[in-house]
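# Results of the structural survey
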Amino acid sequence: MHDIRIRGIAERATDHGRLKVTLTQLWYLSRTRNYAWGAREPEGVPAGLRWLVALPVAAALLVCAVLAGGDLAFFAGVAAFLVLVAASVMRHRPGQLPRSQVIPSEETFRRLMTGAWSAAYGSLPRGVFDDAHPLPRPRGTDRARTAAPVARPTSVILCTDPVAALFLTANDLPGRLGAVLLRATAPEAAAEHSAALTDALAQLAGYRTALPLVVLHDADPSGVLLAPLLRAAQPGRVVVDAGLPVSAARGRAGAVRLARPCRSADEEQLRTVAGLSGADAAWLIDGFWSPVAAVPPRLLESVVVRAVERALAAEPPGPRNADTGGFLSWPPVPRPARERGTGRPGSGTSRNERPSSA
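Calculation rules
Residues numbered from 1 in each chain as written. Predicted model: local features only at pLDDT ≥ 70, side-chain atom pairs only at ≥ 80, totals over all residues. Heavy atoms only, no water. Buried < 20%, exposed > 50% of the residue type's maximum accessible area, 1.4 Å probe, protein only. Helix = DSSP H or I, 4+ residues; strand = E, 2+ residues; numbered from the N terminus. Pairing = 2+ DSSP bridges. Right-handed = clockwise from strand over helix to strand, strands pointing away. Axes fitted to C-alpha atoms, helices over the stretch in contact; angles between N-to-C directions. Contact = heavy atoms within 4.5 Å. Core = buried A, V, L, I, M, F, W, Y, C linked by side-chain atoms within 4.5 Å.

## Side note on the pairing of strand 7 (residues 213–216)
Of the two faces of strand 7, the one holding L213 and V215 and the one holding V214 and L216 are both buried throughout. Where strand 5 (residues 155–159) and strand 7 come together, 4 bridges link them in parallel fashion. Its bridge partner lying in strand 7, C159 is registered against L216. Two elements, strand 7 and strand 8 (residues 239–241), share 3 bridges in a ladder whose sense is parallel. Residue pairing for strand 8: L213 is matched across the bridge by V239. Handedness of the strand 7-helix 9 (residues 221–233)-strand 8 crossover: right-handed.

## What to know about unusual backbone geometry
With omega at -5 degrees, the peptide bond leading from I103 into P104 counts as cis. For P104, the position within the fold is in the loop between strand 3 (99–103) and helix 5 (106–121). Positive phi, normally seen in glycine, also occurs at D15, with a value near 55 degrees. Looking at the element boundaries, D15 is found in the loop between helix 1 (3–13) and strand 1 (21–22). According to the relative accessible area criterion, D15 is partly exposed, its value standing at 22%. Located in the positive-phi region is D172, a residue other than glycine, with phi close to 55 degrees. Within the secondary structure, D172 is located in the loop between helix 6 (162–170) and helix 7 (173–177).

## Points about the pairing of strand 5
The two faces of the sheet receive side chains in turn, since in a regular strand these alternate between them. Here strand 5 lies mainly inside the structure; 5 of its 5 residues are buried. In the sheet, strand 5 pairs with strand 6 (residues 179–183) via 5 bridges, with the strands oriented parallel. Paired with C159 across the two strands is R183, which belongs to strand 6.

## Digging into the sheet that holds strand 5
Strand order in the open sheet made by the 4 strands is 6-5-7-8, with parallel pairing throughout. In this open sheet, the two edge strands, each paired with only one partner strand, are strand 6 and strand 8. When the angles between neighbouring strand axes are averaged without regard to direction, this sheet yields 20 degrees. Helix 6 rests against strand 5, strand 6 and strand 7 of the sheet, and its axis sits at about 155 degrees to strand 6.

## Brief notes about the nonpolar core
Formed by 58 residues in total, the largest nonpolar core has its most connected members in L26, M113, L168, L216, L270 and V304. Grouped together as the second largest cluster of nonpolar side chains are 16 residues, V156, A184, L197 and L204 included.

Given below as C-alpha cells:
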C-alpha cells in the first residue's frame, strides 16, 4: 500500500485525469491479494455425537466386565478401551459456505484513503471520488434513473451494479451516448433471479420497445440470466448483453473472484437459458462470481460505448417470412389449370365475365 503505487494506479485508472472513478474501483485495482474458496462439505462425526455414543457403550462394556468375570470380562474391558480410543482419535471438519477475501479489505482501504491519505495530501487522488457519498442527483431524475434526463433518448442502459452505474453517471457516458441509464436492483445471493427481472421490466415499462437495451451486469447467476429473460419478455426490443463474461472472470489471470452461496439458479438453467458452457455454469453454481465494477475503467467505458453502438446498428427483431404462417398453417393446395373462356362445368369460372351481346 505504498503511496507512489496507489498514485500510479489512480493515474492509469482515470486515464491521467480524463475519467472519474469511484473509491471502490480504485480498491479493486489496488488489491494485493484475492482469494476465493468454494463450499466444503462436512467430514467426520461431530465430537458431541461421538462421545454421546461412545461413553454409554464403554460404560455398558465395563459393567459387563465387572459382572461377568473370566475371559469375557477381559474382552469386554478391551472393547470398552477401544471404543474410547476410537472416539478420541476420530476428527471432525465442519462444512463451510463459499467465501472470499480481498486484501486489503474494503473497510481498511477506505479508512486509509479517506483518513491518512486525505490528511497527508489534502484530498483523494485526482479523478477519484468517494462513492460512499453519492453524487448530487441531477434535476428530473429518480432513484431508478441515475443520469440526467435525455430529451430524446436513442437507447437504454440497464446496470445492475451500483458502483458501475455511479462510474457511468460521473463521466456522463449516458448523456454522451444519448441513452437513459437505469439501475436495476441486484438481488442478494439467496434471492430469486426473478426479482431482478421484475424490477427491470417495471423500469422499462416507461420506455417504448423501439429503444434498444444494453444490459450491464456482474458475472453472476442473476446477471447472466437477466439479458436472455428480458429478450424473451420483450421480443420486440433489441437487447445487447454487455455484462462481464463468465469465461473471462473464470479463466483470466488477474480477474477479481468473489464467492457467496448460490441459491438463485441451477446448472441446467444457466446452460440452456444463459447459454453458458458446462464449466462456466458449474463455476457459478459453486458460488464464484465477479463484479463488473472491478473491470478497469477505460475498458468498461469502451465496452459500454461499443455495446450501445452495436444496439443502435442492430435491426429490430420481428417476424421472419418463414414464421409468418404459424406452425398450424397448411401449405396452399395447388389448383388445376383453368381453360380460358370455356365456362364448362368443372373447369372453373369463365374469365369473360361481361354479359353476352345476345
